[in-house]
Amino acid sequence: MSHNSYGTHLRRWALSLPPVETAISYARDLLIRSLQCGPIPQHIAFVMDGNRRYARTHSLETIEGHNLGFESLARILEVCYKSGVKVVTIYAFSIENFKRSKWEVDALMDMAKTKLVAMSGHGELLERYGARVRILGDRSLVRDDVLRQIDRAVEMTKGNGKAVLNVCFPYTSREEITQSVRETVRQYSEPLRPEERPREKKKMFCESHIRRNIQSRQLESVLEEDDRPRRDSAQSHREDDIVVSDGDSASTNSDLDNSTLLGEAPSSRTSHSTSPILKPTPTNHLPDPESITAETLTQNMYTADAPPLDLLIRTSGVCRLSDFMLWQCHETTELRFLDVLWPEFDLWHFVPVLLDWQRKQRKDGDDAARAAGRLKVQ
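Counting of residues starts from 1 at the beginning of each chain's written sequence and follows it residue by residue. Side-chain atom pairs in this predicted model are given and counted only at pLDDT of 80 or more, local residue features only at pLDDT of at least 70, and totals for whole chains, interfaces and linings cover all residues. Hydrogens are left out, water is left out, and the side-chain values use all remaining heavy atoms of the structure.

Chemist: Got a sec to walk through the overall build of the chain? Specific residues and values, please.
Modeler: Under the DSSP-based scheme used, a helix requires at least four consecutive residues in state H or I and a strand at least two consecutive residues in state E, with every element numbered from the N terminus. Along the backbone of the chain there are 12 helices and six strands. Summary of the burial criterion: residues with accessible area below 20% of their type's maximum are buried, those above 50% are exposed, and those between are partly exposed, where the area comes from a 1.4 Å probe applied to protein chains only. Within the chain, the fraction of its 378 residues that count as buried is 35%. For the chain, the proportion of contacts with a sequence separation of at least 24, taken over those separated by at least 6, is 79%. Approximately 23300 Å² of the chain is accessible, and the part contributed by carbon and sulfur atoms is 54%. The contact definition used throughout considers only heavy atoms, calling two residues in contact when any of these lie within 4.5 Å. In this description, accessible areas are obtained by the Shrake-Rupley approach with a 1.4 Å probe, and a residue is regarded as covered only by the protein chains that are shown.

Chemist: Could you give an account of helix 5 (residues 102–120), naming the residues involved and the relevant values?
Modeler: To estimate how far a helix should extend, the number of its residues minus one is multiplied by 1.5 Å. Relative to the 27 Å expected for 19 residues at 1.5 Å per residue, helix 5 spans 27 Å between its end C-alpha atoms, a close match to the ideal helical length. Considered for burial, the residues of helix 5 that qualify are Glu-104, Val-105, Ala-107, Leu-108, Met-109, Met-111, Ala-112, Lys-113, Leu-116, Val-117, Met-119 and Ser-120. Of the surrounding elements, those touching the buried residues of helix 5 are helix 3 (51–57), helix 4 (62–83), helix 6 (125–128), strand 3 (131–136), helix 7 (144–157) and strand 4 (163–168).

Chemist: Tell me what's going on with the side chain of Ser-173, and back it up with residues and numbers.
Modeler: Looking at the secondary structure, you find Ser-173 in helix 8 (residues 173–187). Residue Ser-173 is classed as buried on the basis of its relative accessible area, which comes to 1%. We call two N or O atoms a polar contact when they sit within 3.5 Å, provided that within protein one can donate a hydrogen and the other can accept it, with sequence-adjacent residues counted only if both atoms are side-chain atoms. Within polar-contact distance, the side chain of Ser-173 engages the side chain of Tyr-171 at 3.2 Å. Polar side-chain contacts of Ser-173 include one of 2.8 Å to the backbone nitrogen of Leu-326. Contact partners of Ser-173, with chain neighbours within four places excluded, come to Asp-323, Phe-324, Met-325 and Leu-326.

Chemist: Mind laying out the environment of Leu-116, listing which residues take part and the relevant values?
Modeler: You can see Leu-116 is positioned in helix 5. Accessibility expressed as a relative area gives 9% for Leu-116, which makes it buried. Taking C-alpha positions, Leu-116 is 8.6 Å from Val-133, a pair spaced 17 residues apart along the chain. Among all residues touching Leu-116, those that are not within four sequence positions of it are Met-111, Val-133, Ile-135, Ile-150, Ala-153 and Val-167.

Chemist: Tell me about the confidence of the model for the chain, and please be specific about residues and values.
Modeler: On average, the chain scores 82 in pLDDT, and the residues at 70 or more come to 70%. Confidence drops under a pLDDT of 50 for residues 242–273, and excluding neighbours within four residues, the segment shows 18 contacts in the predicted structure. The predictor attaches a confidence to each residue, and that confidence, scored 0 to 100, is pLDDT.

Chemist: Which residues make up the packing of aromatic side chains, and what values do they have?
Modeler: The relation between two aromatic rings is expressed through the spacing of the ring centres and the mutual angle of the planes. Between the rings of Phe, Tyr and Trp (Trp by its six-membered ring), a pair exists once the centres lie within 6.5 Å; its type follows the angle of the planes, with under 30 degrees stacked, over 60 edge-to-face, and the other angles tilted. Tallying each qualifying case throughout the model produces 12 aromatic pairs. Ring plane angle 25 degrees and centroid distance 5.3 Å describe the contact between Trp-342 and Phe-345, whose orientation is recorded as stacked. Note on Trp-342: relative accessible area 0%, which makes it buried. Using a relative accessible area of 0% as the deciding quantity, one classes Phe-345 as buried. Among the aromatic residues, those joined into a cluster by ring pairs are Phe-46, Trp-342, Phe-345 and Phe-350.

Below, the structure written as structure tokens:
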């Protein structure tokens, strides 16, 4: 047995002693109560990185590292829900993970279907804190037996309404954004129901309004030009008071043909030409694509029902998002990259992050209050 493995087992043995467990539980509850005195992030996301590295450094099987990572997740979820966090989103399985060995992929799938159901059972973590499970990702990539079990976990927790556990499995942000755009295109390709159709309003630069104006002006121009030969003919009859002979009519028609060859429109010279028939443009009552905004895409994301992302934490010391929650990370999202492997991530690593987030929230609130005060004075 290596020195690291021996130290790990010794530490676990010491922490399992009843007096030590009691002291740790009391300290944990005290810390969580202190957190509740300040603002609490409503949505936290975790990139649970470092399971395989932890297994290698402790001479363990890769799947054992993932099992220890799941135990760490259970501890962190309890801290989150007990302190008042409403939504927790975890990066459980990336679509890119399918590039790993088949043995590891199958092991992760099997672990997901057993652990989720176990955590959703009667009296277990999710029921105690009223959290329901939501699966976010491309379900078409998951085996049928795994789908049945994760759907069972979703069904078991559907009545819980206090908190949410979003399990991204299998997931990438690019896939999420792609399906959001696809769903938006589908919605804007379907005609609106009569009760959804907006009232007609004139818009200065609306495409349909501009088209109707151009068509009406063309029609007025055609009608005016059709009336002009009649007025000229009536005036000529009044002045000359003569009857046009067949020869004159022939010469007149010849003159008209010449004028046509010179590039003048026949309709501008004779009323015998056929005016174009302008048919009204059919109205299909499709949604206006100009109304698509960033909020439209947000409503079609997997996390549409979740509050804005307040805090994203990644363990293992790697400073990148790895195609996770790219759309949800905005100007107010705090990103924290911690140099600790996920199986080692516990309350003592998590609480300092929450306290620092609270400190920044108070500072931002004080700055906003001072700015508002200066505006009132001015």
